[in-house]
Amino acid sequence: MIEKDVVHQHGAVTLSESAKGLVRRGLEGGKWRADVPGHEELCAMGLTVLEPLTGQYVLADLHEAQRNLIQAEQASMSQHQARITSISSLFAELDQMAAESSGGVVHFEDIAVANDLIAKYMETMRSHIYTAHPDARPAGQLKASIDRETRMLQRGLKMRTIYADSARTRAAEREWAQVASAHGAEVRTMAPDFVRMLLIDDRCAIISDQDTGPVQPPTGYIITHPGMVRICATFYKFLWDRAEPWMGERVRQRHDTITTGRGREILRKMEEGWTIDQIARLLGLSRGTINKEIKALYESTNTSSHFALGTWWATSAERKLP
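Sequence order as written defines residue numbering, which begins from 1 separately in each chain. A pLDDT threshold of at least 70 governs which residues receive local features in this predicted model, and a stricter bar of 80 or more applies before side-chain atom pairs are shown or counted, although totals over entire chains, interfaces and linings include all residues. Here the side-chain values reflect all heavy atoms present in the structure, with hydrogen atoms and water set aside.

Colleague: So what's going on with the sheet that holds strand β6 (residues 186-190)? Which residues, and what values?
Modeller: Sheet strands pair via backbone hydrogen bonds, and the direction of the pair is either parallel or antiparallel. One bridge is not enough; two strands pair if DSSP finds at least two bridges between them. Helix and strand definitions here come from DSSP, where helices need a minimum of 4 consecutive H or I residues and strands a minimum of 2 consecutive E residues; each element is numbered from the N-terminal end. Pairing is mixed in the open sheet, where eight strands are placed in the order β3-β9-β8-β7-β4-β5-β6-β10. Single-partner strands in this sheet number two, and they are β3 (105-108) and β10 (244-245). Of the strand pairs in this sheet, β6 and β10 are connected by two bridges, and their pairing is antiparallel. In the sheet register, T189 faces β10, and the bridge partner there is E244. Against the sheet, helix α7 (residues 171-182) engages β5 (158-164) and β6, with an angle of about 160° to β5. In this analysis, two residues are considered to be in contact whenever any of their non-hydrogen atoms come within 4.5 Å of each other. Lines fitted to C-alpha atoms define the axes here, with helix axes fitted over just the stretch in contact, and angles between the N-to-C directions of these axes take values from 0 to 180 degrees.

Here is the structure:
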């Protein structure tokens with residue numbers, strides 16, 4: 001096996017001229033004693049073999065020595081990567097402990113405070129970033145962010161963004177949506193009855209105050225308590241399921257589907273055995289609205305009962321749609 005101090009050397013692996021001279025001697029069948037110049041280098045790299053009978057050294061098999069060295073380096077790399085991962089996990093746990101000890105909800109009145117925290121969490125982001133923007137985003141802000149967000153997507157991170165429907169009329173947001181979508185981001189729009197929100201992994205949520213408008217200085221809450229972050233994530237999914245996909249086009253695309261996102265959500269809950277009242281409470285809608293949605297589904301699928309509608313849904317390709 002290779003000595004530890006060789007495995008963890010910094011820089012290129014090289015041999016002195018004395019050591020190379022011994023290699024040449026060994027290739028010609030020669031032998032040498034342990035006190036000759038260059039021997040210690042070859043020994044440290046696994047390039048020598050001791051002959052017990054003569055007490056001298058000969059050259060080891062070069063291919064085997066190379067294989068052993070590479071395996072040792074690879075093992076070292078794996079150990080370092082494991083340490084890096086464990087460091088990130090440890091400090092994420094410590095951050096969580098700090099958040100829980102402080103209650104996990106902090107109000108901010110200076111947007112710079114929120115931006116600093118966002119930058120901190122984004123440095124160690126592991127999974128996804130979800131955002132919601134009910135107001136217009138400045139063109140300069142969008143242009144400055146697209147390169148950073150493209151790099152995130154190229155690293156395999158997931159990105160979802162919800163804009164207000166009015167974003168479809170604004171050139172800067174249309175251009176952003178086109179570029180981001182081309183790199184794998186998911187973008188949707190909906191009526192602007194939602195709050196500004198940002199979710200990073202399942203560790204941090206930032207939401208604006210309900211009464212903060214586009215003219216007032218942005219204030220809001222930084223949430224790091226696990227339970228509260230989970231509630232925010234559930235609310236975001238509620239918004240996402242009701243928003244319409246957007247890839248930067250000015251007008252809504254025509255779809256060949258006969259169901260809407262809300263209709264599919266109702267069908268899924270009906271399939272799971274939920275009652276109309278339960279579905280209404282879950283979706284935050286009235287019983288009458290749910291019944292209207294079901295009536296619309298009857299008409300679009302040419303059915304007239306829950307059983308017939310369920311049979312249609314069981315074999316529909318639209319089950320795969322969000």
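Alright, that's what it looks like, and here's the rest.
Colleague: Kindly report on the environment of I258, identifying the contributing residues and their values.
Modeller: Position of I258 relative to the elements: it lies in the loop between β10 and α9 (261-271). A relative accessible area of 39% places I258 in the partly exposed class. Along the primary structure I258 and E299 are separated by 41 residues, whereas in three dimensions their C-alpha atoms are 9.8 Å apart. Apart from the residues within four sequence positions on either side, I258 is in contact with S300, T301, W312 and E318. Exposed residues in this analysis have more than 50% of their type's maximum accessible area, buried residues have under 20%, and partly exposed residues fall in between, with area computed by a 1.4 Å probe over protein chains only.

Colleague: Can you tell me about the pattern of salt bridges, naming the residues and giving the values?
Modeller: A side chain of one charge can pair with a side chain of the opposite charge when the charged atoms of the two come close. Each reported salt bridge corresponds to a side-chain nitrogen of Lys or Arg within 4 Å of a carboxyl oxygen of Asp or Glu. Within the structure shown, the criterion is met by 15 salt bridges. Residues D35 and R33 are paired through a salt bridge, measuring 3.3 Å at the closest nitrogen-oxygen approach.

Colleague: Report on the pairing of strand β4 (residues 128-133), specifying residues and quantitative values.
Modeller: Burial analysis of β4 places six of its six residues in the buried class, which makes it a mostly covered element. Here β4 shows no split at all, with H128, Y130 and A132 on one side and I129, T131 and H133 on the other all buried. Across six bridges, β4 lies against β5 in parallel orientation. Bridge pairing in β5 places H128 opposite K158. For the segment spanning β4, helix α6 (residues 139-154) and β5, crossover handedness is right-handed. Alignment of β4 against strand β7 (residues 197-200), held across four bridges, turns out to be antiparallel. The residue of β7 that forms the bridge with Y130 is L199. Here, the term right-handed applies to a crossover whose path from the first strand over the helix to the second runs clockwise when the strands point away from the viewer.

Colleague: Could you give an account of the nonpolar core, with specific residues and numbers?
Modeller: Residues belong to one nonpolar core when they are buried, are Ala, Val, Leu, Ile, Met, Phe, Trp, Tyr or Cys, and are joined through side-chain atoms within 4.5 Å. Of all hydrophobic cores here, the largest spans 27 residues; its most connected members are I129, Y163, W176, I200 and I206. If you list the elements that add at least two residues to this core, you get α5 (111-123), α6, β5, α7, β7 and β8 (204-208). Top contributing element to this core by residue count: α5, with five residues. Apart from the residues within four sequence positions on either side, I129 is in contact with M122, M152, K158, M159, R160, L198, L199 and I200. In terms of nonpolar packing, the next biggest core, distinct from the first, is built from 18 residues, F194, L199, I207 and V229 among them.

Colleague: Before we move on, could you go through unusual backbone geometry and cite the residues and values that matter?
Modeller: Even without a glycine there, the phi angle at D201 is positive, about 50°. Among the structural elements, D201 can be located in the loop between β7 and β8. Of the residues examined, D201 reaches a relative accessible area of 5% and is grouped as buried. Even without glycine at this site, N302 takes up a positive phi of about 60°.

Colleague: Can you break down helix α11 (residues 287-301) residue by residue, with the values?
Modeller: To estimate how far a helix should extend, the number of its residues minus one is multiplied by 1.5 Å. Given a rise of 1.5 Å per residue, 15 residues ought to cover 21 Å, and the 21 Å separating the end C-alpha atoms of α11 matches this to within 8%. Regarding α11, the residues found buried are I290, E293, I294, L297, Y298 and T301. Summarising the axial view, the buried residues of α11 lie within an arc of 145°, below the 170-degree limit, and thus occupy one face. Across from the buried face of α11, at angles greater than 90 degrees, the exposed residues are K292, K295 and E299. Against the buried residues of α11 lie α9, α10 (276-283) and α12 (306-314). N302, located one to two residues past α11, shows a positive phi value of around 60°. Throughout, the arc means the angular range of directions from the helix axis out to the C-beta atoms.

Colleague: Hey, could you go over the packing of aromatic side chains for me, with residue numbers and the actual values?
Modeller: Geometry of aromatic contacts follows a simple scheme: Phe, Tyr and Trp rings, the Trp one being its six-membered ring, pair when their centres are within 6.5 Å, and the pair is stacked under 30 degrees between planes, edge-to-face over 60, tilted otherwise. Considering all chains together, one arrives at six aromatic pairs under this definition. Look at Y163 and W176: their rings are 5.6 Å apart centre to centre, the planes differ by 80°, and that puts the pair in the edge-to-face class. With Y163 in strand β5 and W176 in helix α7, this residue pair connects regions lying 13 residues apart in the sequence. The class for Y163 is buried, based on a relative accessible area of 0%. The exposure class assigned to W176 is buried, which follows from its relative accessible area of 3%. Pairing F235 with F238 gives two aromatic rings, centres 6.2 Å apart and planes at 15°, and the pair type is stacked. A residue pair is termed a helical-turn pair when its members lie 3 or 4 positions apart in one helix, as F235 and F238 do in helix α8 (residues 226-242) at three residues. Connected via pairs of aromatic rings, a cluster forms that spans Y130, Y236 and W240.

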